[in-house]
Structure formats: structure tokens, C-alpha cells
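# Tertiary structure, described
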Amino acid sequence: MTFTHPPKTPLPSGYRLAELDDVADREAMREIDRWAFAFDLDPEDEPADVWNLEPGRSVGVWHDGPRGTTLAAMHSSYAFRVQVPGGEPLPAAGLTWVGVHPAHRRRGLSRAMLHAHLRRSRERGEVLSVLNAAESGIYGRYGYGIATHRVSATLGRGAGLRPVPGSEEPVVELESLDGPRHSAELERVHGQVVRPGWITRDTDALRQTRVLDWPSARRGAERRRIALVRDALGEPRGYALFRRKEKWSDEGKPEGTVQVHDVLALDAPAARALWAALLDLDLMAAVEVGNLAPDDAVLGLLTDVRGINRKVHDDVWLRILDLPAALRARAYPCVVDVVLEVSDPLVPDNAGRWHVRGGPQGVEVTRSQDPAHLAVDVSDLGAAYLGGSSLTALAAAGRVTELVPGTLVPAATAFSWPVAASTGWGF
Ligand SMILES: CC(=O)SCCNC(=O)CCNC(=O)[C@H](O)C(C)(C)COP(=O)(O)OP(=O)(O)OC[C@H]1O[C@@H](n2cnc3c(N)ncnc32)[C@H](O)[C@@H]1OP(=O)(O)O
């Protein structure tokens, strides 16, 4: 099937859109990335670098100028599978590396690339597209909404944890991170998480990227360490990747920080054992973590929640590419019977009136002539899709309109999910 929407977007004269060759164009792609994101690879980082883009999924804009042809912009995507509430993981295009050389910005290059991305992803049969946004103002116009959140927190050394039966059993191993050795165990734990928005890392390159230890990223801290929790049978049940950074006060008191990059536990005893270890490292005054799920176990383990400084951030933005397939693929915790009036200027196949009817055993999603109960833009439906934002909260902000009184709360209940949506890693 070839999709005609979004339509091909005209570029200014001298620019043309083309698929990029993963090998021949690699250096030009790296150069765009460096220009767009304002960084340079430190020579000491070069040996650690891993190319994790997937062949056939990068598209750029070439510019024919007075000094020849140069790459002016690029983007790529990963072939992800994203967990949806109660269902099988869905094929999703993980948009990444969207970059325009500063000399070519604000000429519509990014818009042309995003339209191509939506068209190509739909042609590949991808039902969703997901991304981490560099800035929050960019992607709403393309139909993306904030679908998962992450929590950052600072916990004081020795913060009290509630007792959990069985938490004396797991063993916490503290080691220097050894990518090749630890990667498989990390993925074994990561792959067992059942949570809307969770994305498995299905290529070796993505798995390797997660355990990279960029020398330049240490900034005076130690190399990356791992705390690996094993149960009585030796099975990994949780892990934290972290570094410690030493600091001493003028009075000579230790004020070091534990910087946790990734932390995950599969059950309560493992979570308690892991956090007890992280919160009791000598010479450290605080533990900083940046990517907790909004309902992470540590928030319930703390005896004093006021002891932490916590912030909620947008994490993954989601775009529904194939509305009936997406709505059929997720589970609903109760009966649902709602007619949605969906606006989607870029993908008219999604737009219009849809009747979602069924319950926990499955739903039918059909075109409807009946009066609509709720009106919603596809970006806000994307925000609600994983249960990470409620339809009631979106309605309170004027983003969902209740056209028939009394229909909002039942629909919001059906679109909710008991486990918070979270992705847990950036891509
Ligand atoms: C998933 C990811 O990879 S996120 C990474 C995004 N990349 C970056 O932030 C790197 C630095 N920035 C860039 O490379 C570029 O400036 C981009 C990609 C953000 C924008 O590219 P451009 O080619 O300049 O955008 P383009 O000219 O197509 O603009 C399209 C629309 O987006 C708007 N826009 C562009 N950049 C931004 C921004 N940073 N914030 C809000 N709106 C923006 C434009 O105003 C325009 O709006 P309109 O629809 O009302 O006309």
C-alpha cells in the first residue's frame, strides 16, 4: 500500500529529499548531527562510539550550492516495538536524529522530513511513531502528544525505606560496568518489564549504546558502575547503572553524589535491596536519578516522601499513525462505548468519526455516522493512548471536548491503565 498523506512538501529551490546510505553518507550524517546538536565527539570518546542507526531508515535533504552538494538536514528512525496497555507490543517508528544544519534552518526542511517520516512509517506498516523531543514546541504540529512521563529525584543519603518481607534474600553485586559482560543480564531484566510505553532494545547496537561509558561524560566522576540484584537462585532481578562523584565541604565533610543513569527492579524485595545499597554508599550525601517511572517502587518505599526533591518531565511523545489498528491493539480495563470525532490534518485516514465499542475482551473500532460523544485531536489521543494522560485532564485543559454530557468520565476510565506509562530510556 502506498500512502499519499501527508502530501510531499515542496522544498525551496536547490534542495532535494533523498534516502541516505548508511555507509556512504555516514560521515555527512555525523556532521549534521554535530552541527544540529552543538557537540563534538571528544577524541577519547571515539573508541567507545557505536553507530546504532538502522539501514534504510534515514532520510536527508541535500543542498546544491555554490560549493557543491552538501547534506543540509537528516533524520532517522528505529524499528521499535512499543508495549501498549494489556496488549502485544506494536510496531513503531522511533524517530531520532532530526537535525538541520544551522545555515539551512527555518526553510521548511524539517517539515518536509517529518511529512516523509509519517508517510514512510505508514507504508512500512508501523502503527505508532514515538520520539524524545529536544524542545517541546516542535512536534505537536505533526500530531505527536506527550504519552509517557519520567520523574527525576534527589534522595538524601540514608533516606528511610519501609521494610519489605524477603528483601534480605537478594544479593546486590557492585561492579565496574563491563558492557559485553553485563549487557545480556541488563536486557534480561529490561525485557521482563510489563508497562505501557516500554520499548525493548532489539538490536545489538542499541543494547551496546545503553552500556557505553563515554570518558568525556564522567566530568570528574568515576567510570560507570553497576549494582546488580540477584535472587536466591542467582537470577538478575534488578540493576542500577551509576557513577559516584566525590566532593568535600570546606569543613572536610564528605558530600559526594551518586548519579544513577538507569535503575530497574522487577519485584519489591529487589527494589528494596537495590535502593538500600544505593542510599548507603560511603562518602556520598545524595543520590540523583533522572528516569524513574511515575509510579516507581522507590516512591512507595520511602518512609518520608518529603525527603526527596522530585520533578516530572515529558518523556516519550507518541503519534498514532493507524488509528483503528492502534485502538484495537490496546486493552481497556472496562466496558467502552464511545464515538470519537478525531481531527488529523496530516493523516486524513485517521480523521473523522470512530465508534470504539467493547471491553476487556477486545474492542471493535469502526467508522460511524452517529453523533460524536467526544472531540479530540490525534495528538491528544496519542497523549491518552498509553494511559499516561487522562482524557479528563486533557478536557480540563480544553484539549478534549465533551459533546454529549456524561460521556467523558466513562471514556476516560476505559482509556486509563493501572500501570503508569513509562519508557525509561532515551533514544
Ligand atoms: C526526535 C528528535 O530528534 S528531537 C531533535 C530536534 N533537533 C534539534 O533540536 C536540533 C537543533 N534544531 C534543528 O535541527 C532545527 O532547528 C529543527 C529540526 C528543530 C527545526 O528545523 P527547521 O528546518 O528549521 O524547521 P522548519 O523550517 O521545517 O519549521 C517547521 C515548523 O516548525 C517550527 N519550528 C522549528 N523549530 C522549532 C523549535 N525549535 N521550536 C518550536 N517550533 C519550531 C517552525 O517555526 C515552523 O512552524 P510552522 O509550522 O508554524 O510554520
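Rules behind the numbers
Residues numbered from 1 in each chain as written. Predicted model: local features only at pLDDT ≥ 70, side-chain atom pairs only at ≥ 80, totals over all residues. UniProt positions renumbered as here; feature names shortened; annotations may be inferred. Helix = DSSP H or I, 4+ residues; strand = E, 2+ residues; numbered from the N terminus. Contact = placed C-beta atoms within 7 Å. Near = placed C-beta within 6 Å. Nonpolar A, V, L, I, M, F, W, Y, C, P; charged D, E, K, R; others polar. Domains from an automatic or database assignment. Buried ≥ 20, exposed ≤ 12 C-beta atoms within 10 Å, placed from the backbone. Pairing = 2+ DSSP bridges. Axes fitted to C-alpha atoms, helices over the stretch in contact; angles between N-to-C directions. pLDDT = per-residue confidence, 0-100. Arc of directions from axis to C-beta.

Check the Sequence similarities (unreviewed entry) section of the UniProt entry for the protein; it says "Belongs to the acetyltransferase Eis family." The heading Subunit (unreviewed entry) in the UniProt record of the protein holds the text "Homohexamer; trimer of dimers."

Moving on to the overall build of the protein. Across its full length, the protein holds 10 helices and 19 strands. The dimensions of the protein, computed from C-alpha atoms along their principal axes, are 65 × 65 × 40 Å. Contacts in the protein between residues far apart in sequence, at least 24 positions, make up 75% of those at least 6 positions apart.

Before going further, it helps to spend a moment on the site of the ligand. In the vicinity of the ligand lie 23 residues, with Val98, Arg105, Ser110, Ala134 and Gly137 positioned nearest. Elements supplying a minimum of two residues to the shell around the ligand: α1 (26-37), β4 (90-100), α2 (109-123) and β5 (128-132). Per element, the largest residue contribution to the shell around the ligand is 6 residues, and it comes from β4. When grouped by side-chain class, the residues that make up the shell around the ligand number 11 nonpolar, 6 polar and 6 charged.

On to the environment of Gly362. Summarising the element assignment, Gly362 is placed in strand β17 (residues 362-367). It is 50 Å that separates the C-alpha atoms of Gly362 and Ser13, two residues lying 349 residues apart in sequence.

Structurally, the protein comprises domain 1 (15-148), domain 2 (151-314) and domain 3 (323-415). Here domain 1 and domain 2 have C-alpha centroids that lie 30 Å from each other. Taken residue by residue, the interface counts 19 residues in domain 1 and 18 residues in domain 2. Of the residues forming the side of domain 1 that touches domain 2, the biggest block, 4 residues, is contributed by strand β3 (residues 68-82). Split by residue class, the side of domain 1 that touches domain 2 holds 10 nonpolar, 4 polar and 5 charged.

Structurally, Ala116 is set in helix α2. Overall, Ala116 belongs to the partly exposed group, with 19 C-beta atoms counted inside 10 Å. Separated by 160 residues in sequence, Ala116 and Ala276 place their C-alpha atoms 48 Å apart. Setting aside anything within four residues of it in sequence, one finds Ala116 in contact with Leu17 and Val59.

Okay, the sheet that holds strand β16 (residues 352-359) next. Strand order in the open sheet formed by 5 strands is β17-β16-β15-β18-β19, and the pairing between neighbours is mixed. Pairing within the sheet leaves two strands with one partner each, and these edge strands are β17 and β19 (400-402). Neighbour-to-neighbour, the strand axes of the sheet open up by a mean angle of 25°, direction not taken into account. Where strand β15 (residues 336-343) lies against β16, 7 bridges are found, and the strand directions are antiparallel. From the neighbouring strand, Val339 faces β16, where its bridge partner is His355. Relative to β15, helix α10 (residues 408-415) is tilted by about 95°, and along the sheet it contacts β15, β18 (374-377) and β19.

So, about the UniProt feature "domain: N-acetyltransferase" (unreviewed entry) in the protein. Under the UniProt annotation, the feature "domain: N-acetyltransferase" (unreviewed entry) is placed at residues 15-178. The span residues 15-178 shows a helical share of 16% and a strand share of 37%, and its end C-alpha atoms are spaced 45 Å apart.

As a further point, take the confidence of the model for the protein. With 100% of its residues at a pLDDT of 70 or more, the protein shows a mean pLDDT of 96. By mean pLDDT, strand β13 (residues 308-314) is the weakest element of the protein at 94, and β18 is the strongest at 99. Per the prediction output, this complex has pTM 0.97; the corresponding ipTM is 0.99.

What follows covers the UniProt feature "active site" (unreviewed entry) in the protein. Those residues carrying the UniProt feature "active site" (unreviewed entry) are Tyr139 and Phe427 in this numbering. By the secondary structure assignment, Tyr139 is in the loop between β5 and β6 (145-146). The exposure class assigned to Tyr139 is buried, which follows from the 23 C-beta atoms found within 10 Å. Aside from chain neighbours lying at most four places away, what touches Tyr139 is Leu131, Ala133, Tyr144 and Trp317. On the basis of neighbour count, Phe427 is assigned to the buried category, with 20 C-beta atoms found within 10 Å. If sequence neighbours within four positions are ignored, Phe427 has contacts with Tyr78, Gly94, Thr96 and Asn132.

All right, on to helix α3 (residues 179-190) then. Turning to α3, its buried residues number three or more, namely His182, Leu186 and His190. Down the axis of α3, the buried side of the element spans an arc of 80°, and every buried residue falls inside it. Pointing more than 90 degrees away from the buried face of α3 are the exposed residues Pro180, Arg181 and Ala184. Those residues of α3 that are buried are in contact with α4 (204-210), β9 (225-230), β10 (236-245) and β11 (256-265).

This next bit is on the sheet that holds strand β12 (residues 284-292). What the 7 strands build is an open sheet, ordered β8-β9-β10-β11-β12-β7-β13; its pairing is mixed. Two strands bound the open sheet, and with one partner strand each, they are β8 (171-176) and β13. This sheet shows a mean twist of 20° between the axes of neighbouring strands, independent of strand direction. In this structure, strand β7 (residues 149-156) lies alongside β13, joined through 7 bridges in antiparallel fashion.

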